[in-house]
Amino acid sequence: MRARLADRGYARWDGRLDAAACDALADLFGHLPPDQPGLRIDPTRCAALAAYRAIAPTLIDLLGPRARPVRALLFDKRDGANWALGWHQDRTVEVAEWIDVPGFGPWTRKQDRLHVAPPIAVLTAMVTVRLHLDPVGPDNGPLHVAPGSHRLGVIAEAAIDAVVERCGSAVCLAEAGDIWFYATPILHGSARAASGRRRRVLQMDIAAADLPGGLRWAADAL
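The sections below set out a description of the structure shown in this document. Fair warning: this is a prediction, and the values are worked out from it, not measured in the lab. (Residues numbered from 1 in each chain as written. Predicted model: local features only at pLDDT ≥ 70, side-chain atom pairs only at ≥ 80, totals over all residues. Heavy atoms only, no water.)

Counting 32 residues, the largest nonpolar core has Phe 181 and Leu 202 as its most contacted members. Among the elements of the structure, helix H2 (19-28), strand S2 (38-41), helix H3 (50-63), strand S3 (68-77), strand S8 (127-132), strand S11 (179-183) and strand S13 (199-207) are those that each provide at least two residues to this core. Top element by residues in this core is H3. It accounts for 6 residues. Non-local contacts of Leu 202, meaning those with residues more than four positions away in its chain, are made with Leu 25, Leu 28, Phe 29, Ile 41, Cys 46, Leu 49, Ala 72, Leu 73, Leu 74, Val 129, Arg 130 and Leu 131. The next biggest cluster of nonpolar side chains, apart from the first, holds 15 residues, and it includes Val 95, Val 122, Met 126 and Trp 217. (Core = buried A, V, L, I, M, F, W, Y, C linked by side-chain atoms within 4.5 Å. Buried < 20%, exposed > 50% of the residue type's maximum accessible area, 1.4 Å probe, protein only. Helix = DSSP H or I, 4+ residues; strand = E, 2+ residues; numbered from the N terminus. Contact = heavy atoms within 4.5 Å.)

The side chains of a regular strand alternate between the sheet's two faces. Counting buried residues in S8 gives 6 out of 6 residues, a clear majority hidden from the surface. On S8, burial covers both faces: Val 127, Val 129 and Leu 131 on one face and Thr 128, Arg 130 and His 132 on the other are all buried. Pairing of S8 with S11, which is carried by 5 bridges, proceeds in the antiparallel orientation. Each residue of the ladder has a partner; that of Thr 128, found in S11, is Tyr 182. Bridge count between S8 and S13: 6 bridges; the pairing is antiparallel. Each bridged residue has a counterpart across the sheet, and for Val 129 the counterpart in S13 is Met 204. (Pairing = 2+ DSSP bridges.)

What follows is about H3. In this model, H3 (14 residues) spans 20 Å end to end at C-alpha, consistent with the 20 Å of a helix rising 1.5 Å per residue. At Ala 56, H3 shows its strongest bend, of approximately 45°, with the proline Pro 57 following within four residues. Burial in H3 covers these residues: Ala 51, Tyr 52, Ile 55, Ala 56, Thr 58, Leu 59 and Leu 62. The elements touched by buried residues of H3 are helix H1 (2-7), H2, S3, S8, S11 and S13. (Expected span 1.5 Å × (residues − 1). Bend = angle between axes of the 7 residues up to and from the residue.)

Now for helix H5 (residues 160-167). For H5, the full list of buried residues reads Ile 160, Val 163 and Val 164. Viewed along the axis of H5, the buried residues span an arc of 100°, placing them on a single side of the element. Every exposed residue of H5 that faces more than 90 degrees away from the buried side is listed here: Asp 161, Glu 165 and Arg 166. Of the residues flanking the end of H5, it is Gly 168, one or two places downstream, whose phi is positive at about 85°. (Arc of directions from axis to C-beta.)

We now examine the sheet that holds strand S4 (residues 85-88). With antiparallel pairing, 4 strands are arranged side by side in an open sheet as S4-S12-S9-S10. In this open sheet, the two edge strands, each paired with only one partner strand, are S4 and strand S10 (170-172). Pairwise comparison of adjacent strand axes, ignoring direction, gives a mean angle of 25° for this sheet. Sheet analysis places strand S9 (residues 143-145) next to S10, joined by 3 bridges and oriented antiparallel. Paired with Val 145 across the two strands is Ala 170, which belongs to S10. (Axes fitted to C-alpha atoms, helices over the stretch in contact; angles between N-to-C directions.)

Attention shifts here to the packing of aromatic side chains. One pass over the full model with this rule turns up 3 aromatic pairs. Seen in terms of ring centroids, Trp 98 and Trp 107 are 4.7 Å apart; in terms of plane orientation they differ by 10°. Their pairing is stacked. Residue classification places Trp 98 among the exposed positions, given a relative accessible area of 53%. Put simply, the rings of Tyr 10, Trp 180 and Tyr 182 pair up and form one aromatic cluster. (Phe/Tyr/Trp six-rings, centres within 6.5 Å; stacked < 30°, edge-to-face > 60°.)

Interpretation note: all reported values are geometric properties and have no functional meaning in isolation.
What follows is the structure, encoded as structure tokens:
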């Protein structure tokens with residue numbers, strides 16, 4: 001896993017979640033409004049899930065004993081809440097309070113949660129995990145990634161197309177219960193899901209290090 005993430009920036013977890021772990025994940029989506037495609041949730045809720053406990057040894061091996069979820073999002077592509085997402089990097093982290101620290105900014109609020117763009121070194125020290133509740137074939141909005149793009153630092157928007165052309169594109173298909181690990185800064189995007197299909201994903205950003213300058217992960221303040 002470590003070698004695959006370092007080289008390509010993405011890797012499928014070797015195991016698969018069992019039915020009980022998937023059922024517990026599915027319960028989270030009961031709080032998602034039917035017309036809303038995504039929802040940010042308290043990441044501390046994830047640490048108690050059987051699904052998280054299953055991958056915790058891998059995360060500790062990758063990041064160290066303090067690895068924990070610091071951001072969590074539910075995505076549910078379906079009829080009435082479907083979308084496509086162009087190529088981009090995830091560039092923000094969720095923090096507890098606004099403190100001016102060199103290198104951090106701009107600041108934003110997303111679903112009333114405070115976010116900031118950190119220096120790239122913070123992102124490269126993290127891992128992003130996506131847990132799939134539904135089969136994801138080529139027509140069900142799979143994630144596409146640009147292999148190796150995680151090693152290029154912050155990629156200017158105007159340069160994204162050229163980077164994707166140079167790195168190429170890989171598609172991350174999944175069965176129900178599959179889990180994909182990603183280097184957090186990797187370029188990625190996805191298409192709309194086919195009509196009548198559903199694509200539920202719990203995405204977690206995992207970190208082990210503290211933030212500098214008195215900044216705190218929002219998860220550490222809960």
